[in-house]
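Survey of secondary and tertiary structure
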Protein chains: 2
Amino acid sequence: MISVVIIGNGNIATHLKSAFLRVDRIRVTQINSRKLENIPESDITILAVSDDAISDVSLKITNSFVVHTSGSSSIKDLKNKSNKGVFYMLQTFSKDKEIDFSKIPFCLEAENKEDYLLLETLAKAIGVKVYNINSEQRKAIHVAAVFVNNFTNHLYKIGNDICEENKVPFEILQPLIDETSQKIKTLSPEKAQTGPAIRNDKKTIKNHLELLNIEQQKIYKILTKSIVDGVN
Amino acid sequence: MISVVIIGNGNIATHLKSAFLRVDRIRVTQINSRKLENIPESDITILAVSDDAISDVSLKITNSFVVHTSGSSSIKDLKNKSNKGVFYMLQTFSKDKEIDFSKIPFCLEAENKEDYLLLETLAKAIGVKVYNINSEQRKAIHVAAVFVNNFTNHLYKIGNDICEENKVPFEILQPLIDETSQKIKTLSPEKAQTGPAIRNDKKTIKNHLELLNIEQQKIYKILTKSIVDGVN
């Protein structure tokens, strides 16, 4: 039996609690971060609070092993005097959407092997993909995630804007979006690249720029230049 | 029975020919674009040649109905004296990879209704998603495709570079990439946006910039600014 206390009531706290509740050998208690009295001792105390609150909240906890769930915070941001760790799930969480934990990478960090193995047991009770990731690596993953998730989504938005302006349904791009995201499972992104930039096809690039507004042109130019030059 | 002549021997010509061969009511002949003698008359003559060759090759064809397969060329780039049209498939084609035509959007254009219906019949013999798209719209789709395919793939490359520098396997980002590409099937990209830029979380943005090289910083800054401002 592993006893878990989850502190917080955002998306991550809610989804984690639901997942743990389905596992017989885990006993889970959820606590509002503004009511930190009488926290029961537990094997693992998970702080699922905003990045800014990690230090303050952890200061008030006397439990034996405290972990946070933040991609961009160091293990050192925890200020409890007991053992520290990180239980970071690399995925975007939406309130209403069911989470398939079997597809989520768990990035775990702890100060000693025993604590790490405990976190690993907890992660494997609800998931399958478990990685030992230190704080420097996790920060890098968090930045990389901004590129492949937030920035990619913004490129989808620009594609959507261009379609709307021309009365074309955005769904027409979805098969291409699917193929682009799946191709890199078997080919490195560098080898998967196609299009006018990698061919340095100046005529097509010029024609494209004429169709775009100034903001879109800026983005088109910098990404084309980066593909032509290679980013290193 | 529909008779089709395909001129060209690149990826599109090869994949199209294979697909047509599997349909009983289509008779297909493939011709090398450098050997334009004795072209048999046919219901539809498909020019699957490079954009630059469309005008020159079409000038030499006397068949009754000639279409090209280019996303970035106008129907007016065809210089045959007979009827003209466009048979554009919105997808990236790789030589070795089998194509699932049922998932590919066919963007069709013709000068008159009868020709359009013939193209539609041909497209529906191998595919299911058929759109009536004029030359202006097709050019816009082609630019939008560069954003959601080539530029997105470049963001994947940057994600891969960051992972490699930090000895993290790139596969760790694949579930997030999948989720990002699937989310927009049910939510507009604008509503699907998350992350530090949309929250204008300056502290995280500053921390991220410190981890990037100058080229990556430029791209990070311009995309973050575009998300913060909104691109219109």
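Residues numbered from 1 in each chain as written. Chains lettered and ligands numbered in written order. Predicted model: local features only at pLDDT ≥ 70, side-chain atom pairs only at ≥ 80, totals over all residues. Heavy atoms only, no water.

**Considering the state of the cysteines**
Enumeration over the complete set of coordinates arrives at zero disulfides over all chains. With no disulfide of its own, Cys107(A) lies 9.8 Å from the sulfur of Cys163(B), the closest cysteine sulfur. (Disulfide = S-S within 2.5 Å.)

**Quick notes on the sheet that holds strand β4 (residues 65-68) of chain A**
Residue and element names in this part refer to chain A. Here seven strands make up an open sheet; going across it, the order is β2-β1-β3-β4-β5-β6-β7 and the pairing mixed. Edge positions in the sheet fall to β2 (26-31) and β7 (129-132), since each of these pairs with one other strand and no more. For this sheet, the mean angle separating the axes of adjacent strands, direction not counted, is 25°. Sheet analysis places strand β1 (residues 2-7) next to β2, joined by six bridges and oriented parallel. (Pairing = 2+ DSSP bridges. Helix = DSSP H or I, 4+ residues; strand = E, 2+ residues; numbered from the N terminus. Axes fitted to C-alpha atoms, helices over the stretch in contact; angles between N-to-C directions.)

**A look at the environment of Tyr131(B)**
Looking at the secondary structure, you find Tyr131(B) in strand β7 (residues 129-132). Those residues within four positions of Tyr131(B) in sequence are excluded, and the remaining contacts are Pro169(A), Glu171(A), Ile172(A), Pro105(B), Phe106(B), Cys107(B), Leu108(B) and Tyr116(B). (Contact = heavy atoms within 4.5 Å.)

**Digging into the sheet that holds strand β5 (residues 83-89) of chain B**
Residue and element names in this part refer to chain B. Read from one edge of the open sheet, seven strands run β2-β1-β3-β4-β5-β6-β7, paired in mixed fashion. Looking along the sheet, the strands with just one partner apiece sit at the ends: β2 (26-31) and β7. Recorded for the sheet is a direction-independent mean angle of 25° between the axes of neighbouring strands. Judged from the four bridges that link them, strand β4 (residues 65-68) and β5 form a sheet pairing that is parallel. Looking at β5, one finds that Val-67 is bridged to Gly-85.

**A word on the packing of helix α8 (residues 214-229) of chain A against helix α4 (residues 135-165) of chain B**
Axis separation between α8(A) and α4(B) bottoms out at 10 Å; the angle between their running directions is 50°. Between α8(A) and α4(B), the angle is such that the two are oblique. You can see that α8(A) and α4(B) cross each other, and the crossing is left-handed. Residue-level inspection shows Gln216(A), Ile219(A), Tyr220(A), Leu223(A), Thr224(A), Ser226(A) and Ile227(A) of α8(A) in contact with α4(B), the latter providing Val146(B), Phe147(B), Asn150(B), Phe151(B), His154(B) and Leu155(B). Taken together, the residues of the contact of α8(A) with α4(B) break down into eight nonpolar, five polar and no charged. (Parallel < 35°, antiparallel > 145°, perpendicular 65-115°, else oblique. Left-handed = near helix turned anticlockwise from the far one by under 90°. Nonpolar A, V, L, I, M, F, W, Y, C, P; charged D, E, K, R; others polar.)

**Thoughts on the interface of chain A and chain B**
Every contact between the two is made by 84 residues of chain A and, on the other side, 84 residues of chain B. Our count for the contact surface shared by chain A and chain B stands at four salt bridges. Lys203(A) serves as the salt-bridge partner of Asp52(B), at 3.4 Å between the closest nitrogen and oxygen. The interface formed by chain A and chain B includes 29 residue pairs in polar contact (both at pLDDT 80 or more). Of all the secondary structure elements, the ones that give two or more residues to the side of chain A that touches chain B are β6 (105-110), β7, α4 (135-165), α5 (174-183), α6 (189-192), α7 (202-210) and α8 of chain A. Of the residues belonging to the side of chain A that touches chain B, the class tally is 38 nonpolar, 28 polar and 18 charged. (Salt bridge = Lys/Arg side-chain N within 4 Å of Asp/Glu carboxyl O. Polar contact = N/O pair within 3.5 Å; in protein donor to acceptor, adjacent residues only side chain to side chain.)

**Things to note about α4(B)**
Residues and elements named next belong to chain B. Helix length check: α4, at 31 residues, gives a terminal C-alpha distance of 44 Å against a target of 45 Å (1.5 Å per residue), a fit within 8%. The principal kink in α4, of about 30°, is found at Val-146. With respect to burial, α4 is a largely interior element, 27 of its 31 residues being buried. One side-chain oxygen at the N-terminal end of α4 lies 3.1 Å from the backbone nitrogen of Glu-136; it belongs to Asn-134. One or two positions beyond α4, positive phi appears at Lys-167, with a value near 55°. (Expected span 1.5 Å × (residues − 1). Bend = angle between axes of the 7 residues up to and from the residue. Buried < 20%, exposed > 50% of the residue type's maximum accessible area, 1.4 Å probe, protein only.)

**Let's talk about the nonpolar core**
Phe147(A), Leu173(A), Phe147(B) and Leu173(B) are the most contacted members of the largest nonpolar core, which has 74 residues in total. Every residue in contact with Leu173(B), bar those within four places of it in the chain, is listed here: Leu90(A), Ile141(A), Ala144(A), Ala145(A), Val148(A), Gly159(B) and Cys163(B). By size, the runner-up hydrophobic cluster in this structure holds 30 residues, among which are Leu16(A), Ile104(A), Phe106(A) and Leu119(A). (Core = buried A, V, L, I, M, F, W, Y, C linked by side-chain atoms within 4.5 Å.)

**Observations regarding unusual backbone geometry**
Backbone geometry follows two general trends: most residues other than glycine have a negative phi, and most peptide bonds adopt the trans configuration. A positive phi is found at Lys167(A), a non-glycine position, where the angle reads about 55°. With respect to the element layout, Lys167(A) can be found in the loop between α4 and α5.

**A word on the environment of Asp77(B)**
Residue and element names in this part refer to chain B. Tracing the backbone through its elements, the reader meets Asp-77 in the loop between β4 and β5. Distance from Asp-77 to Leu-223, taken between C-alpha atoms, is 35 Å for residues 146 residues apart in sequence. The contacts of Asp-77, once residues within four sequence positions are left out, are Ile-54, Ser-55 and Ser-58. For Asp-77, the side chain forms a polar contact with the main-chain nitrogen of Ser-74, separated by 3.0 Å.

Read these as geometric descriptors, not functional statements.
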